[in-house]
Every structure is written in C-alpha cells, then in structure tokens.
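What follows is the residue order along each chain.
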Amino acid sequence: MLKIEDLKVNYGGIEAVKGISLEVPEKEIVTLIGANGAGKSTILRTIAGLIKPASGRITFLNEEITALPSDRIVSKGITLVPEGRRVFPDLTVLENLKIGAYLRKDNLDKDLHWVYELFPRLKERSWQAAGTLSGGEQQMLAVGRALMSRPRLMMMDEPSLGLAPIIVKGIFEIIKEIHNQGVTILLIEQNANMALHTADTAYVLETGRLTMKGTGKELLNNEAVKKAYLG
C-alpha cells in the first residue's frame, strides 16, 4: 500500500533519515521502534507532507505522493495521529471530531457513530472543551479525529506516551479494533513490547537507518532487540 524508497530527510541541519526503504502492506499493522532521536517521527511527518525530503520516493497505492501538500495526502486516504495529541483545547470534543472531516462534503453521522462506539467516553463529553479532558481522553479524541477523515492508512506517533498502563492497554485494544475494520496502520511507539505484540511487521530504526526487519514475533524473540528495547 505504502512504499518508501531511499528516503533521505534533513532536519535542523542534520541528516535525520539516511536513505531508508520500507513497505507497508495493505491491511497490516507495521511498527517502527527505536530510541528517541532515531528519526521515527521525521519519517511519519515526511509521509504526511509536513516535511519535504532531501531525496527519495514515497508512493501510496502506486501513486507518487512525495511532493504533495499535506491536505492532498489526507484526501488520498492517509492520516496522522500526532505525538502529543494536539487537540484544539478551546473547542468541544464534537468540534474537534468535525475538524478531522474538514475535507469531506458528505454526511458525517455514520462515522461519528463509529467513533462514539469505539470511545463511549467521547460521546459522554461531546460538548465538553477538549482541553478539560484527561490525557487518555485526549488521546482517544486524537484517534477519533483522525478516523473522521475515513483513512485507508492511519499513522500513529507515540499513542501511549505519558499514559497510565491501564489506559495504554485500552489504546492498543482500540488500535486492533480499527485494524479489524480494514484500516492499515503504521505505528511508532516507545513501548516496544506492546508495539511488537500488536504488529504484523516490524522495523528497527537506529540513528536514521533501518537495522532490522521481521515479524513482530520474530523481533520480540530477537536477543539484540530484547537487550536494547525490551529490558
């Protein structure tokens, strides 16, 4: 579904991504694990059109999207749940969800119903200002907002960051449910154990280079991965 070829990205005068190539097959969960500063978020932001690469090629459903602006990329069916949630704090939950559908001209009721089924807490708080929600609720809102664009590929940047373990478990159950509904997922996650248990395919990124690839299960059982990322 998504193919990256020899991607190089400079960020703040540093070569943050050093010629990586990877594929995200349709209807899989693919995860990228690595230390802070390895270049994981830079890759997602580049796919989303928020950063322009120095070189390389990104194709989605056999169409090159490397140079497209971010709104065009969203319209193709790719959405990003950013690190840190980035909800609009002064707008209500419902208004935040509707912003996720800003490119759509059709009726939103069916998708709102699905988001509220996934996250009943959001339905209870639909008229509440997003800034008054807990961290876990804001993460639910960020995921729900992304779903409102009807993505074919959802990219998630550190969805469990700063959340209590019981909330993290719930977020990963939701990721699996979204995947079961036919959405392909590209996941970046500091919680390597949860990510690898969830992923079909996994890559290890170290200082801008891919150093390992395998199934989630293979990397869970890899001694080098255990030592570096699983404690």
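Cut-offs used in this document
Residues numbered from 1 in each chain as written. Predicted model: local features only at pLDDT ≥ 70, side-chain atom pairs only at ≥ 80, totals over all residues. Heavy atoms only, no water. Helix = DSSP H or I, 4+ residues; strand = E, 2+ residues; numbered from the N terminus. Rg over C-alpha atoms; globule rule 2.2 N^0.38 Å. Buried < 20%, exposed > 50% of the residue type's maximum accessible area, 1.4 Å probe, protein only. Axes fitted to C-alpha atoms, helices over the stretch in contact; angles between N-to-C directions. Parallel < 35°, antiparallel > 145°, perpendicular 65-115°, else oblique. Left-handed = near helix turned anticlockwise from the far one by under 90°. Contact = heavy atoms within 4.5 Å. Nonpolar A, V, L, I, M, F, W, Y, C, P; charged D, E, K, R; others polar. Expected span 1.5 Å × (residues − 1). Salt bridge = Lys/Arg side-chain N within 4 Å of Asp/Glu carboxyl O. Pairing = 2+ DSSP bridges.

## Thoughts on the overall build of the protein
- Helix and strand content of the protein: ten helices and ten strands.
- The C-alpha radius of gyration computed for the protein amounts to 17 Å, which stays within 12% of the reference 17 Å derived for 231 residues, consistent with globular compactness.
- Principal-axis analysis of the C-alpha atoms places the extent of the protein at approximately 45 × 40 × 35 Å.
- Burial statistics for the protein: of 231 residues in total, 50% are counted as buried.

## A word on the packing of helix α6 (residues 135-147) against helix α7 (residues 165-180)
- Close contact between α6 and α7 brings their axes to 10 Å; oriented N to C, the two are set at 15 degrees. Regarding the angle of α6 to α7, the classification is roughly parallel. Note that α6 runs across α7; the crossing there is right-handed. Each of Gly136, Gln139, Met140, Val143 and Leu147 in α6 lies in contact with α7, whose residues at this interface are Ile167, Ile171 and Ile178.
- Looking at the contact of α6 with α7 residue by residue, the class counts come to six nonpolar, two polar and no charged.

## What about α6?
- The terminal C-alpha atoms of α6 lie 19 Å apart, and with 13 residues this matches the ideal 18 Å at 1.5 Å per residue to within 8%.
- Of all 13 residues making up α6, twelve are buried, and the element is well covered by its neighbours.
- Regarding α6, the residues found buried are Gly136, Glu137, Gln138, Gln139, Met140, Leu141, Ala142, Val143, Gly144, Arg145, Ala146 and Leu147.

## Section: the pattern of salt bridges
- Using the criterion set out here, one finds eleven salt bridges in the structure.
- A salt bridge links Lys3 to Glu23, with the nearest nitrogen and oxygen atoms 4.0 Å apart. Placement of Lys3 in strand β1 (residues 2-11) and of Glu23 in strand β2 (residues 14-24) is noted, with a sequence separation of 20 residues between them.
- Lys3 sits in the partly exposed class, given a relative accessible area of 35%.
- Ionic contacts of the salt-bridge type, sharing partners, join the residues Arg121, Glu124, Arg125 and Glu137 into one network.

## A closer look at unusual backbone geometry
- The backbone of Lys27 sits at a positive phi, close to 65 degrees, despite the residue not being glycine.
- Secondary-structure assignment places Lys27 in the loop between β2 and β3 (29-33).
- On the accessibility criterion, Lys27 (53% relative accessible area) is exposed.
- Within the chain, Glu158 stands out as a residue other than glycine whose phi angle is a positive 55 degrees.
- One can find Glu158 in the loop between β7 (153-157) and α7.

## Observations regarding the sheet that holds strand β8 (residues 184-188)
- Here we have six strands laid out as an open sheet, ordered β6-β7-β8-β3-β9-β10, and mixed in their pairing. Lying at the two open borders of the sheet, with one neighbouring strand each, are β6 (78-81) and β10 (209-215). Across the sheet, the mean angle from the axis of one strand to that of its neighbour is 15 degrees, orientation sign disregarded.
- With six bridges connecting them, strand β9 (residues 201-206) and β10 associate as antiparallel partners. By the bridge assignment, Ala202 is partnered in β10 with Gly214.
- Docked against the sheet, α6 engages β6 and β7, running at close to 170 degrees with respect to β6.

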